Amino acid sequence: MSVAIIWFRKCLRIHDNQALSWAFESNQIKSILPIYIFEEDIHQRSTNKMNENRLRFQYECVLDLQHNLDTELGLKLHIFSGQAQPVIQSILNKFEDQRVCLISEYCSDRENVEKMAKIDSKIIDQNPNWFSKTFPAGQTILDIESIVNSSKYKPPNSMNDMIQIFSEEFGDWQNIVFDVTDINLSDYQSKRCQIIESEFSTRLEESKSRLNTSSYFIGGESIALQRLENKVLLEKQFVNNFSKPNSISTNTEGNPFEPTTTGLSPYLSTGCLSVRRLWNACSEIQQLGEHTKPPVSIHGQLMFREMFYLLSRSVMNWDQDKENTHCKEIEWGTTEQSLLAAWESGETGFPLIDAMMRQLDATGWMHHLGRHAVSCFLTRGQLWQSWTHGRDIFSRKLIDSDWALNNGNWLWLAGVAPFSMPYYRVYNPCPNQKSSLNVETETANFIRHWVPELSEFPSKYIFEPHLAPLSVQQSAGCIIGNDYPNPIVDRKETRRENLERFKQNLATLR
Ligand SMILES: Cc1cc2nc3c(=O)[nH]c(=O)nc-3n(C[C@H](O)[C@H](O)[C@H](O)COP(=O)(O)OP(=O)(O)OC[C@H]3O[C@@H](n4cnc5c(N)ncnc54)[C@H](O)[C@@H]3O)c2cc1C
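For every chain, the first residue of the written sequence is number 1, and numbering continues from 1 along that sequence. Residue-level local features of this predicted model are given only where pLDDT is at least 70; pairs of side-chain atoms are given and counted only at 80 or more, and the full residue set underlies all totals for whole chains, interfaces and linings. Working from all heavy atoms in the structure, the side-chain values ignore hydrogens and water.

**Digging into the site of the ligand**
Then, in step 1: Neighbouring the ligand are 26 residues; Thr-261, Thr-262, Gly-263, His-368 and Asp-400 lie closest to it.
Then, in step 2: Between a nitrogen atom of the ligand and a main-chain N or O atom of Asp-400, the distance comes to 2.8 Å.
Then, in step 3: The separation between a nitrogen atom of the ligand and a polar side-chain atom of Asn-406 is 3.2 Å.
Then, in step 4: Computed by Shrake-Rupley with a 1.4 Å probe, the accessible areas treat only the displayed protein chains as cover when residues are assessed. Computed on the free molecule, the ligand has an accessible area of 830 Å², of which 99% lies beneath the protein chains in the complex.
Then, in step 5: Listing elements by their share of the shell around the ligand, those giving two or more residues are α10 (265-269), α12 (298-314), α15 (368-381) and α17 (403-414). To be near a molecule or strand, a residue needs just one of its heavy atoms within 4 Å of it. We define a polar contact as two N or O atoms separated by no more than 3.5 Å, with the added condition that, inside protein, one atom must be a possible hydrogen donor and the other a possible acceptor, whereas residues neighbouring each other in sequence contribute only through side-chain atom pairs. For helices the rule is a DSSP run of H or I covering at least 4 residues; for strands it is a run of E covering at least 2, with both sets numbered from the N terminus onward.

**Topic: the nonpolar core**
Then, in step 1: Counting 141 residues, the largest nonpolar core has Leu-20, Trp-343 and Ile-447 as the members making the most contacts within it.
Then, in step 2: Ignoring sequence-local partners within four residues, the contact set of Ile-447 consists of Pro-351, Leu-352, Ala-355, Leu-454, Ile-462 and Phe-463.
Then, in step 3: Counting residues in each nonpolar core, the second largest holds 21 residues, with Phe-80, Ala-84, Ile-91 and Ile-123 among its members. Here, the term nonpolar core denotes a set of buried Ala, Val, Leu, Ile, Met, Phe, Trp, Tyr and Cys residues that are joined through side-chain atoms within 4.5 Å. Here the term buried applies to any residue with accessible area under 20% of the maximum for its type, exposed to any over 50%, and partly exposed to those in between, with areas from a 1.4 Å probe on protein chains only. Any two residues whose heavy atoms approach within 4.5 Å are treated as being in contact.

**Looking at the environment of Tyr-188**
Then, in step 1: Residue position: Tyr-188 is located in the loop between α6 (159-170) and β6 (192-193).
Then, in step 2: C-alpha separation for the pair Tyr-188 and Ser-26, spaced 162 residues apart in sequence, amounts to 9.1 Å.
Then, in step 3: Those residues in contact with Tyr-188 that lie beyond four places of it in its chain are Phe-24, Glu-25 and Ile-183.

**A closer look at the side chain of Glu-40**
Then, in step 1: If you trace the backbone, Glu-40 turns up in the loop between β2 (31-38) and α2 (52-73).
Then, in step 2: Buried charge without a partner: Glu-40 forms no salt bridge, and the closest opposite charge is Lys-49, 4.1 Å away.
Then, in step 3: Separated by 2.4 Å, the side chains of Glu-40 and Thr-47 make a polar contact.
Then, in step 4: Beyond its immediate chain neighbours, meaning those up to four positions away, Glu-40 contacts Thr-47, Lys-49, Met-50 and Ser-81. In this charge count, Lys and Arg are treated as positive and Asp and Glu as negative; neither His nor the chain ends contribute. What counts as a salt bridge is simple: a side-chain nitrogen of Lys or Arg found within 4 Å of a carboxyl oxygen of Asp or Glu.

**Remarks on the pairing of strand β1 (residues 3-8)**
Then, in step 1: Counting buried residues in β1 gives six out of six residues, a clear majority hidden from the surface.
Then, in step 2: Both faces of β1 are covered, namely the face carrying Val-3, Ile-5 and Trp-7 and the face carrying Ala-4, Ile-6 and Phe-8.
Then, in step 3: The sheet contact formed by β1 and β2 spans six bridges and is parallel. From the neighbouring strand, Val-3 faces β2, where its bridge partner is Ser-31.
Then, in step 4: Look down the strands so they point away from you; if the path from the first strand over the helix to the second goes clockwise, the crossover is right-handed. For the segment spanning β1, helix α1 (residues 18-25) and β2, crossover handedness is right-handed.
Then, in step 5: Strands are labelled as partners when DSSP assigns at least two bridges between them. Both β1 and strand β4 (residues 100-105) contribute to a ladder of five bridges, which runs parallel. Counted as the bridge partner of Trp-7 is Ser-104 from β4.

**Quick notes on the state of the cysteines**
Then, in step 1: In this description, the term disulfide denotes a pair of cysteine sulfurs within 2.5 Å. Under the criterion given, the structure shown has zero disulfides.
Then, in step 2: Its sulfur unpaired, Cys-61 is 3.5 Å from the next cysteine sulfur, which belongs to Cys-272.
Then, in step 3: Here Cys-61 falls in the buried class, since its relative accessible area comes to 0%.
Then, in step 4: The structure places no disulfide on Cys-376, whose sulfur is separated from the nearest cysteine sulfur, that of Cys-430, by 12 Å.

**Some remarks on the environment of Ala-355**
Then, in step 1: In this structure, Ala-355 sits in helix α14 (residues 351-363).
Then, in step 2: Owing to a relative accessible area of 0%, Ala-355 belongs among the buried residues under this scheme.
Then, in step 3: Discounting residues that sit within four places of it in the chain, Ala-355 has contacts with Phe-446, Ile-447, Trp-450 and Val-451.

**Here's the deal with the packing of helix α11 (residues 275-286) against α12**
Then, in step 1: Whenever a helix is involved, its axis is fitted only over the stretch in contact; in every case the axis is a line through C-alpha atoms, and angles between N-to-C directions fall within 0 to 180 degrees. Where α11 contacts α12, the axes come no closer than 10 Å and their chain directions differ by 150°. In terms of axis orientation, α11 runs roughly antiparallel to α12. The interaxial crossing formed by α11 with α12 has left-handed handedness. Here Val-275, Leu-278, Trp-279, Cys-282, Ser-283 and Gln-286 of α11 come into contact with α12, specifically with Ile-298, His-299, Leu-302, Met-303 and Arg-305.
Then, in step 2: Its residues placed into classes, the contact of α11 with α12 shows seven nonpolar, three polar and one charged. Working rule for angles: under 35 degrees goes down as roughly parallel, over 145 as roughly antiparallel, 65 to 115 as roughly perpendicular, anything else as oblique. Crossing handedness is defined as follows: a turn of the near helix away from the far one that is anticlockwise and smaller than a right angle gives a left-handed crossing, while the clockwise case is right-handed. Polar here means any residue other than Ala, Val, Leu, Ile, Met, Phe, Trp, Tyr, Cys and Pro, which are nonpolar, and Asp, Glu, Lys and Arg, which are charged; Gly is therefore polar.

Given below as structure tokens:
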């Protein structure tokens, strides 16, 4: 073997990167060619799969990777634009007579598994000099493929099932600290950086500068490691007291952008941050004293994450509402474009829902309980629209968008999965301070920021402004129906109707 082509896919980092470590360690590898393939049309401001914000975040991640590879390891990341198969073929064609290994990280989602199988059979197998090597568990803690293929595997549906899987895999899983490999150049023979020219080569800086969004979350490994430091390593009490259901969904007081949870999801889903490194940081901090436990602790959140990766790899039609063993086939209403548009643009007349959806649009992120509120509202709560519509809108806008996690959580919230909460537990979209959505209701500054039409409204009426007397609306400078919409549905009436529909649907399924 002489050349290692390292295909960065969902591990956009140099720390804890098994493929990179292997290439540096192997005596057979003389030179390394790191590549990234952008399969979206990079000349557009947004695509069917990614809105402008998500595109920008992805560009930032790749550009930071390029910078880190260059400055830390002396390697030049080659960035290509096009479909993976022809791009890989064109790169390999440049090494027709050389022994080349295409190294990639395992990606568990169906589309990527199929893509890799095709590249192996249509390209790699066609030349005896070419090989491929895939590393498991780049993006996850568990080796997903080996677990779902083991004879004792049963799809997990609860935290207890996950605890059993973790115990079988790791024994004393609560205290485990995983081996995290970082490359220290002085330990290895230096490797030559392979340089090639290709018709698919592209420069992301130009595409990025065409996007005029700038956002609170900036992509890349460098920022991911800083956030890990600031939110986890330096905040030992925060880690040991972490209790997800008690975290405030309306962000940090004084900063309507900053999550009360870690805010690491965009970095975990792009692989800018190694999930094992986050797990280890929590294990080490937890050893210092009393701490919360799964399901509410940070370890618990990471175990839910693993659960969805296992399920999405083992449940057929994970992203569909038909022929999916983890989805009850509810007859959702006909698609109402006007309801969907109001929900997506934050114009429903329900200030909490609108604030959350506008935050999503502006930053690409939303607190977990905010996601609960808006997904329940769209489906079994008020609008009776299929969860797949919400899933698609989230998928395009979330900077932490992830096929396994997005589908799994939508199934959960729509009330259709075995792990769902009971369908009759519907959130009130107009919460008070007792709501389990954990909304800050006293100052309501989060609502004032994201729905500026209501910025002068008294907190007493701000969650249901259409109930405010006209004199209150006038002195707040916002007439409901003119300056901010009336509620698009009667929340109590639709809740009652939808509970009845859900019940009837369940009766026909039995
Ligand atoms: C309808 C809906 C859709 C969602 N879509 C996504 C998605 O596409 N991508 C995504 O990463 N998360 C998704 N989530 C899960 C969750 O809301 C986010 O992971 C979390 O809010 C991210 O914030 P954080 O990093 O501060 O999380 P923390 O509470 O700090 O948790 C740490 C990490 O654990 C993982 N995690 C936490 N909660 C969950 C969960 N319920 N499921 C899976 N992993 C979890 C995330 O990687 C997160 O970064 C969705 C939730 C809902 C209700």
